[in-house]
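Coordinates in review
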Amino acid sequence: TKQKKRLMGDTKHFCPVSLKEDFVLYPGLQEHAAKYKEKIYYFSTSEYRDKFLKNPEEYVAHNEPIQAPPLRVCLLGTHGAGKSTCARQIADKLGIFHIQFEEYLQELILPKTKKKVGPPSDEDHEEDDNKIPEELEDLSQTMTKTETEESKQEVELTAEEEAIKASLMDNTELPPEILDNIVPDWWKKEPFRSTGFILDGFPRTVDEAKYLSERGLCPDVAVYIQVEESDILDRLFPPRLKKWKDRQRKKKEYKKKLKDLKAKRRV
């Protein structure tokens, strides 16, 4: 005897409550199934099944088919692997947002720091070498005392901003309570919620991946770009060499101007 074919609900084998509440497709389980209007619905948890049965009309299709969530992608890889380049191209092609995680963090504190922050590098030592000598201090001191005090007030960061700055400086994880103010919005708030995004550079660690899982913030796909070290070196070394040469050229120009200024003073 042929078994009667099961008529599945609007979301097929995905949980309709997860889709409605979180706008995420979670596979439903047979042990959490329920029947409504001759259709079988599967739910990710028993709690969501009970929630559906209390008010099923809230979770089923009416005049139009239920809208599926947009594409959400996590793009991972080591520094220099080309994540941002690939992410921009994918975002343009699919019409979704490109979110560069570290760049987003920079924008959160940039109004106060006035410049991007990051790990200490040789460039910091170059800046020390280029400090204005004492004999030119009178030419460089253009800020008034009031302006200086205002500048100091502008860089006073909140505890959350200090944590973001420390993360950018030391490449450390942000605590969950700070991530809660940043990451969930990309899943739950507009315009990201209905458009979709490619998240470039997050999660960076196992704990950050667990954070997404625990908050129910699941990407549709996670892509890891694996690149040979030699390819990364070929990509990153030329622009850094050019930057170093530019600094050396400016340093020579500065020393020449200083020498000319000293000569004029002697005259």
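Structure: above.
The present account deals with the structure reproduced in this document. Bear in mind the structure is a predicted one, so any value in this text is a computation, not a measurement.

Along the polypeptide, E161 turns up in helix α8 (residues 159–170). For E161, a relative accessible area of 15% puts it in the buried group. At 3.0 Å, the side chain of E161 and the side chain of K112 are in polar contact. Those residues in contact with E161 that lie beyond four places of it in its chain are L108, I109, K112 and E156.

In the structure shown here, the tally under the stated rule is 12 salt bridges. One salt bridge in this structure joins D180 and R215, with 3.0 Å as the shortest N-O distance. Taken together, the residues span a long stretch of sequence, with D180 in the loop between α9 (176–179) and α10 (184–188) and R215 in the loop between α12 (206–214) and β6 (221–225) at a distance of 35 residues. D180 gets classed as partly exposed once you look at its relative accessible area, which sits at 31%. K189 is the partner of D185 in a salt bridge, and the nearest nitrogen-oxygen pair spans 3.8 Å. When its relative accessible area of 27% is taken as the criterion, D185 is described as partly exposed.

V183, W186, W187 and L212 are the most contacted members of the largest nonpolar core, which has 23 residues in total. Within the residue set of this core, elements represented by two or more residues are α4 (101–113), α8, α9, α10, β5 (197–200) and α12. When sequence neighbours within four positions are dropped, the list of residues in contact with L212 reads C74, V183, W187, F202, P203 and L217. Counting residues in each nonpolar core, the second largest holds nine residues, with V17, Y36, F43 and F52 among its members.

With that settled, consider the side chain of R72. Along the chain, R72 falls in strand β3 (residues 72–77). No salt bridge forms around the buried R72; measuring N to O, its nearest opposite-charge neighbour D220 is 5.2 Å away. Within the local environment of R72, its side chain forms a polar contact with the backbone oxygen of F23, the two atoms lying 2.6 Å apart. Residues contacting R72, with those up to four places away along its chain left out, are F23, V24, W187, R193, F197, P219, D220 and V221.

This paragraph deals with a negative patch on the surface. Together, E228, E229, D231 and D234 give the surface a local cluster of negative charge. Relative to the assigned elements, D234 resides in helix α13 (residues 229–266). Judged by its relative accessible area of 55%, D234 falls in the exposed class.

With omega at 5°, the peptide bond leading from E190 into P191 counts as cis. Mapped onto the elements, P191 comes out in the loop between α10 and α11 (192–195). The residue after F202, namely P203, is reached through a cis peptide bond having omega 0°. If you trace the backbone, P203 turns up in the loop between β5 and α12. Residues other than glycine seldom take positive phi values, yet F23 does so here, at roughly 55°. Within the secondary structure, F23 sits in the loop between α1 (16–22) and β1 (29–36).

Calculation notes
Residues numbered from 1 in each chain as written. Predicted model: local features only at pLDDT ≥ 70, side-chain atom pairs only at ≥ 80, totals over all residues. Heavy atoms only, no water. Helix = DSSP H or I, 4+ residues; strand = E, 2+ residues; numbered from the N terminus. Buried < 20%, exposed > 50% of the residue type's maximum accessible area, 1.4 Å probe, protein only. Polar contact = N/O pair within 3.5 Å; in protein donor to acceptor, adjacent residues only side chain to side chain. Contact = heavy atoms within 4.5 Å. Salt bridge = Lys/Arg side-chain N within 4 Å of Asp/Glu carboxyl O. Core = buried A, V, L, I, M, F, W, Y, C linked by side-chain atoms within 4.5 Å. Lys, Arg positive; Asp, Glu negative; His and termini not counted. Patch = residues over 30% accessible without salt bridge, like charges linked within 9 Å, V, L, I, M, F, W, Y side chains within 5 Å. Areas by Shrake-Rupley, 256 points an atom, 1.4 Å probe, with all protein chains shown as cover. Charge placed at Lys NZ, Arg CZ, Asp CG, Glu CD.

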